[in-house]
Amino acid sequence: MLADHMTPMKKVEIVVSGEHAGDVRDLLADYGSGFTQIAPVSGRGHHGYHEGRLLFNDASAQTMIVTVVQSAELEPLLEGLLPLLERRSGVAWVSDVAVARAAYFVRE
Amino acid sequence: MLADHMTPMKKVEIVVSGEHAGDVRDLLADYGSGFTQIAPVSGRGHHGYHEGRLLFNDASAQTMIVTVVQSAELEPLLEGLLPLLERRSGVAWVSDVAVARAAYFVRE
Amino acid sequence: MLADHMTPMKKVEIVVSGEHAGDVRDLLADYGSGFTQIAPVSGRGHHGYHEGRLLFNDASAQTMIVTVVQSAELEPLLEGLLPLLERRSGVAWVSDVAVARAAYFVRE
């Protein structure tokens, strides 16, 4: 089965304001990770945002950046990404994917 | 490991026609859920759409709305969302994600 | 629980250059699969791309095409899709989703 030969990897989806997207792209470049960027997107924060202010509002231009990394690369990436998101009020979530043409996603 | 400290949540992706996206956004606001909206997107329905008509065609402007909710919030959200999608010919799918900066996604 | 009545399916996300998106759409049509297309997106390939050249660069207009198929339909779809992606330098990844209004995604 072709599906059995796909490679388990991690997809990281990041939502950040457009003005800070370049910081995220630069970080991904430092880690040797490619990305796909969807911009602009719009959004709205959750009610009850615990940090006491809204990240998103309907007028803001957000960017979604998607990257797929080898499972072993997730932790080093998060070590750099999470502090950046903290400073830039961005969010991220990780999910499991099975990748075709996996060589494309493997770092040197 | 940072990855071990991420919080399991549910991502809901909704595709609906642009004219009905406001209804979905209003519903998410009622539930206190933030969202990210990607618009416009285009799409085409499956052949064999069982409801006897096409939801999508190549000319239609669709919207994709992504929200991430706590697992316990999924069921109440679906109770409101599914009837709305039924009326508006929208579709949705749910997947597991692990969230960084989880406090952002927690409702009051 | 509504969530228990959702149908497990497979989501396939494909990233390909805009000029080849039509080939992917045609293939999905041949398989009777609907899709949602997000375009344009931008992207950048991974450093160390093993095929010796970059797929993406910052200036390129990429397209992301999302389709959701029944699990049993994944293998036949991959049999057609993977050779096409090989020729067109596209990439794809598969993930598990639970679908509301599943009849919409069922082929004739």
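Please refer to the structure higher up on the page.
As the structure is a computational prediction, the values presented were derived from the model and not from experiment.

Engineer: For this particular structure, what's the right way to read the overall build of chain A?
Structural biologist: Across its full length, chain A carries 2 helices and 4 strands. Mapped from its N terminus to its C terminus, chain A presents α and β elements in the order β-α-β-β-α-β. Every one of the 108 residues in chain A was classed for burial, and the buried ones make up 59%. Sequence-distant contacts in chain A: of pairs separated by 6 or more residues, those separated by 24 or more amount to 78%. Per element, the accessible surface of chain A, about 4,300 Å² overall, is 50% carbon and sulfur.

Engineer: Honestly, the interface of chain C and chain A in this entry has me stumped. Any pointers?
Structural biologist: Many authors give the size of an interface as the accessible area that is lost as the parts come together. Listed by partner, the interface residues are 33 residues for chain C and 29 residues for chain A. At the junction of chain C with chain A, the criterion picks out 2 salt bridges. Two residues, A:Lys11 and C:Glu13, come together in a salt bridge whose shortest N-O distance is 2.8 Å. Summed over the shared surface of chain C and chain A, the number is 7 residue pairs in polar contact (both at pLDDT 80 or more).

Engineer: Honestly, the layout of surface pockets in this entry has me stumped. Any pointers?
Structural biologist: Using a probe with the size of a water molecule, rolled over the atoms, empty space left in the structure can be pinpointed. In this structure, the largest pocket occupies an estimated 560 Å³ of space. Lining the largest pocket are 32 residues, and of these A:Ser95, A:Asp96, B:Asp96, B:Val97 and C:Asp96 lie nearest its centre. Going through the elements one at a time, β1 (7–17) and β4 (91–100) of chain A, β1 (7–17) and β4 (91–100) of chain B together with β1 (7–17) and β4 (91–100) of chain C are the ones with two or more residues in the lining of the largest pocket. Residue classes in the lining of the largest pocket are distributed as 19 nonpolar, 4 polar and 9 charged.

Engineer: Hey, could you run me through the nonpolar core in this one?
Structural biologist: In a soluble, globular protein the nonpolar side chains are often hidden away together inside. The biggest cluster of nonpolar side chains holds 45 residues, and the ones touching the most others in it are A:Trp93, B:Trp93 and C:Trp93. Ignoring anything within four residues of it in the chain, the contact list for A:Trp93 reads A:Lys11, A:Val12, A:Glu13, A:Val15, A:Met64, B:Lys11, B:Val66, B:Val68, B:Val97, B:Ala98, B:Val99 and B:Phe105.

Engineer: I would appreciate a short explanation of the pairing of β1(B) in the present structure.
Structural biologist: One face of the sheet, then the other: side chains in a regular strand alternate in exactly this way. All names here are of chain B. Summarising burial for β1: 8 of the 11 residues are buried, a large majority. As judged from the 9 bridges shared by β1 and β4, these two strands associate in the antiparallel manner. Within the sheet, the bridge partner assigned to Thr-7 lies in β4 and is Val-99. Bridge analysis of β1 against strand β3 (residues 62–70) gives 9 bridges, and the strand direction is antiparallel.

Engineer: Sorry if this is basic, but what is going on with the relation of the copies chain C and chain B here?
Structural biologist: Relating one copy of the chain to the other takes a rotation about an axis and a shift parallel to that axis. Once chain C is rotated about the relating axis by 120° and shifted along it by 0.0 Å, it coincides with chain B to within an RMSD of 0.0 Å. On this basis, the relationship between the two copies can be described by a three-fold rotation axis. Mapped onto chain B, only 7% of the interface residues of chain C are again interface residues, and the two copies thus contact each other with different surfaces.

Engineer: Looking at this structure, I do not really get empty space enclosed by the protein. What am I missing?
Structural biologist: Under the counting rule described, the total for this entry stands at 4 cavities of 30 Å³ or more. The space that makes up the largest cavity amounts to roughly 100 Å³. If you go around the largest cavity, you meet 14 residues; those closest to its centre are A:Glu13, A:Met64, B:Glu13, B:Met64 and C:Glu13. Elements supplying a minimum of two residues to the lining of the largest cavity: β1 and β3 (62–70) of chain A, β1 and β3 of chain B together with β3 (62–70) of chain C. Its residues assigned to classes, the lining of the largest cavity shows 9 nonpolar, no polar and 5 charged.

Engineer: In this structure, what is going on with the interface of chain C and chain B? I would like to understand it.
Structural biologist: Each side of the interface is counted separately: chain C has 29 residues, and chain B has 33 residues. Carbon and sulfur atoms supply 60% of the area buried between chain C and chain B, which totals about 2,800 Å² over both sides. Contact with chain B buries surface across chain C, with C:Leu2, C:Arg101 and C:Tyr104 losing the most and accounting together for 30% of the total. One can count 2 salt bridges joining chain C with chain B. For C:Arg101, the salt bridge goes to B:Glu86, with nearest N and O atoms at 3.2 Å. Joining chain C to chain B, the criterion identifies 7 residue pairs in polar contact (both at pLDDT 80 or more). Secondary structure elements with two or more residues in the side of chain C that touches chain B: α1 (21–30), β2 (35–44), β3 and β4 of chain C.

About the cut-offs
- Per-chain numbering applies: the sequence of each chain, read as written, is numbered from 1 onward.
- Written order determines the labels here, with chains lettered from A and ligands numbered from 1.
- Where local features are concerned, this predicted model is filtered to residues with pLDDT of at least 70; where side-chain atom pairs are given and counted, the filter is 80 or more; whole-chain, interface and lining totals use all residues.
- For the side-chain quantities, the full set of heavy atoms in the structure was used; hydrogens and water were omitted.
- The secondary structure listing takes helices from DSSP runs of H or I that are at least 4 residues long and strands from runs of E that are at least 2 residues long, numbered from the N terminus.
- Between buried and exposed lies partly exposed: a residue is buried under 20% and exposed over 50% of the maximum accessible area for its type, with that area taken using a 1.4 Å probe on protein chains only.
- Any pair of residues with heavy atoms lying within 4.5 Å of one another is described as a contacting pair.
- The Shrake-Rupley method, run with a 1.4 Å probe sphere, supplies the accessible areas, and residue values consider only the shown protein chains as cover.
- By definition here, a salt bridge exists when the distance from a side-chain nitrogen of Lys or Arg to a carboxyl oxygen of Asp or Glu is within 4 Å.
- Two N or O atoms form a polar contact when they lie within 3.5 Å of each other; inside protein one atom must be a possible hydrogen donor and the other a possible acceptor, and for residues adjacent in sequence the pair counts only when both atoms belong to side chains.
- Only protein atoms enter the calculation, which uses a 1 Å grid: trapped sets of points that fit a 1.4 Å probe without letting it out are cavities, open sets showing protein on both sides within 12 Å along at least five of seven lines are pockets, and any residue with an atom within 4 Å of a point is a lining residue.
- Grid points are joined across faces, edges and corners, and a volume is the space filled by probe spheres set on the points.
- Three residue categories are used. Nonpolar comprises Ala, Val, Leu, Ile, Met, Phe, Trp, Tyr, Cys and Pro, charged comprises Asp, Glu, Lys and Arg, and polar comprises the others, including Gly.
- The definition of a nonpolar core used throughout is a set of buried Ala, Val, Leu, Ile, Met, Phe, Trp, Tyr and Cys residues joined through side-chain atoms within 4.5 Å.
- Two strands make a pair as long as DSSP finds a minimum of two bridges between them.
- When the copies are superposed, the least-squares fit draws on C-alpha atoms of residues that have pLDDT of at least 70 in both.
- What gets called buried area is simply the loss in accessible area from a 1.4 Å probe that two parts show on being joined, summed for both.

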